[in-house]
Amino acid sequence: MSVAILDIDGTLVDTNYQHTLAWYRAFCEHDIVLPVWRIHRHIGMGGDQLVPALTSVQVERERGDDIRDAESRCYGQLIGEVRPMRDARRLIEDLHARGHRVLLASSAKQQELDHYLELLHARELVDGWTSSADVQATKPAPDIVQVALDRASAVADEAMMIGDSPWDAEAATRAGVSTIAVMTGGFSEEELEDAGASAVYQSVAELRKDLDETFLR
C-alpha cells in the first residue's frame, strides 16, 4: 500500500473518554441526560452524526448546533489532559521508512487538530490532514477518507486506514479502503472486525511490531 490514512482521536491520541465526558456534560446542559456508556458507543462519529444518533432528528434540527458548541467548550476544558498514545509518532516514522505517504483523517475541529499536531510533533512529518471543516458529513460517512485519498492523489486500493472505532472502519469500507484497527478507543475486537477491520491490534505499539506482516507491506 502506498498511502496510510490514520485516524487521530483514540488512535494516535488518547481522547475518547474525554470526549465522552464532554458530550455528557453538553447534553446535560440541554436537559438531556444520557447514560455515559451509550455516549461512548458513538465516540468516533462526527458531531453532526452523533447528536441525531443519540437523540432524534428533531433534537438535531432544534438544538444540534448548540449541543455541539457546548461539547466543544466542555472538551476544551479537558484537552490539556490528552496525551499521545505510546509509539504514535514512531508509527508515522515507521510508515514513512517503508515508503508510505501518511495522511491524518480526522473529524476534529481545526483548533483541536492543531493541538494534536503539536502534541505529536507531527506537523512536518505527515503528508497532509483533514478536519471536520473539509466535509459536509463526518464518519461514518466516507467523506473524510475520500478527502484524504484525494489529497494523496491515490485510489482506494492504494490505501489502508488505521483507526480505533467501528465508525472508522465503516467510513473506510464505504470509501473502498481496507482497515486495520487498534483497541485503544475502547471497542472490542469483535466489534471492530464486524465493522470491517481486516486486522485488530491492542495498541499502536503492538501494531508497530507487526507492520511487516500487515497489509501495509
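We now turn to the structure provided with this report. Source: prediction; values computed, not measured.

What counts, and at which threshold
Residues numbered from 1 in each chain as written. Predicted model: local features only at pLDDT ≥ 70, side-chain atom pairs only at ≥ 80, totals over all residues. Heavy atoms only, no water. 1 Å grid on protein atoms, 1.4 Å probe; cavity = no way out; pocket = protein on both sides within 12 Å on 5 of 7 lines; lining within 4 Å. Points joined across faces, edges and corners; volume = space filled by probe spheres on them. Helix = DSSP H or I, 4+ residues; strand = E, 2+ residues; numbered from the N terminus. Nonpolar A, V, L, I, M, F, W, Y, C, P; charged D, E, K, R; others polar. Axes fitted to C-alpha atoms, helices over the stretch in contact; angles between N-to-C directions. Parallel < 35°, antiparallel > 145°, perpendicular 65-115°, else oblique. Left-handed = near helix turned anticlockwise from the far one by under 90°. Contact = heavy atoms within 4.5 Å. Salt bridge = Lys/Arg side-chain N within 4 Å of Asp/Glu carboxyl O. Core = buried A, V, L, I, M, F, W, Y, C linked by side-chain atoms within 4.5 Å. Buried < 20%, exposed > 50% of the residue type's maximum accessible area, 1.4 Å probe, protein only. Expected span 1.5 Å × (residues − 1). Pairing = 2+ DSSP bridges. Patch = residues over 30% accessible without salt bridge, like charges linked within 9 Å, V, L, I, M, F, W, Y side chains within 5 Å. Areas by Shrake-Rupley, 256 points an atom, 1.4 Å probe, with all protein chains shown as cover. Lys, Arg positive; Asp, Glu negative; His and termini not counted. Charge placed at Lys NZ, Arg CZ, Asp CG, Glu CD.

**Concerning the layout of surface pockets**
Item 1. Space inside the largest pocket adds up to approximately 490 Å³.
Item 2. When residues of the lining of the largest pocket are assigned to their parent elements, the largest contribution, 3 residues, is made by helix H1 (residues 16–29).
Item 3. Grouping the constituent residues of the lining of the largest pocket by class yields 6 nonpolar, 10 polar and 10 charged.

**Considering the packing of helix H3 (residues 47–54) against helix H4 (residues 57–76)**
Helix-helix packing: each pair is described by the crossing angle between the helix axes and the interaxial distance.
Item 1. For the pair H3 and H4, interaxial distance at closest approach is 10 Å and the crossing angle is 130°. Between H3 and H4, the angle falls in the class oblique. Pair H3 / H4 crosses with right-handed handedness. Contacts between H3 and H4 involve Gly47, Asp48, Val51 and Pro52 on the former and, on the latter, Val59, Glu60, Gly64, Ile67 and Arg68.

**Description of the pattern of salt bridges**
Oppositely charged side chains are able to pair whenever their charged atoms sit close together.
Item 1. By the definition in use, this model includes 17 salt bridges.
Item 2. Salt bridges sharing partners connect three or more residues here, namely Asp87, Arg90, Asp94 and Arg208.

**Considerations on the nonpolar core**
Item 1. Judged by nonpolar contacts, the single largest core of 35 residues is most densely connected at Leu6, Leu12, Leu91, Ile92, Leu104, Tyr116 and Leu207.
Item 2. Setting aside residues no more than four positions away along its own chain, Leu207 makes contact with Leu91, Ile162, Ile180, Val182, Tyr201 and Thr214.
Item 3. Counting residues in hydrophobic clusters, the runner-up holds 20 residues, among them Ile32, Leu34, Ile39 and Ala181.

**Some remarks on H1**
Since the α-helix advances by 3.6 residues per turn, residues separated by three or four positions end up pointing in the same direction.
Item 1. Taking 1.5 Å of rise per residue, 14 residues should cover 20 Å, and H1 covers 20 Å from first to last C-alpha, within 8% of that figure.
Item 2. Burial in H1 covers these residues: Asn16, Gln18, His19, Thr20, Ala22, Trp23, Ala26 and Phe27.
Item 3. Looking at the buried residues of H1, the elements they touch are helix H2 (36–40), H3, H4 and helix H6 (110–120).
Item 4. The positive-phi residue at the C-terminal boundary of H1 is Asp31, with phi of around 60°.

**A few points about the sheet that holds strand E2 (residues 101–105)**
Item 1. Taken in spatial order, the 6 strands make up an open sheet running E3-E2-E1-E4-E5-E6, and their pairing is parallel. Across the chains shown, the open sheet's two edge strands, defined by having one partner strand only, are strand E3 (128–130) and strand E6 (197–201). Pairwise comparison of adjacent strand axes, ignoring direction, gives a mean angle of 20° for this sheet.

**Describing a negative patch on the surface**
Item 1. Where like charges cluster on the molecular surface, the negative patch consists of Glu189, Glu190, Glu193 and Asp194.
Item 2. Position of Glu189 relative to the elements: it lies in helix H9 (residues 189–194).
Item 3. Since its relative accessible area comes to 40%, Glu189 is described here as partly exposed.

**A look at the environment of Gly186**
Item 1. Here Gly186 shows up in the loop between strand E5 (178–182) and H9.
Item 2. Between the C-alpha atoms of Gly186 and Ser72, which are 114 residues apart in sequence, the distance is 21 Å.
Item 3. If near-sequence neighbours (up to four positions away) are discounted, Gly186 is found in contact with Tyr17, His40 and Arg41.

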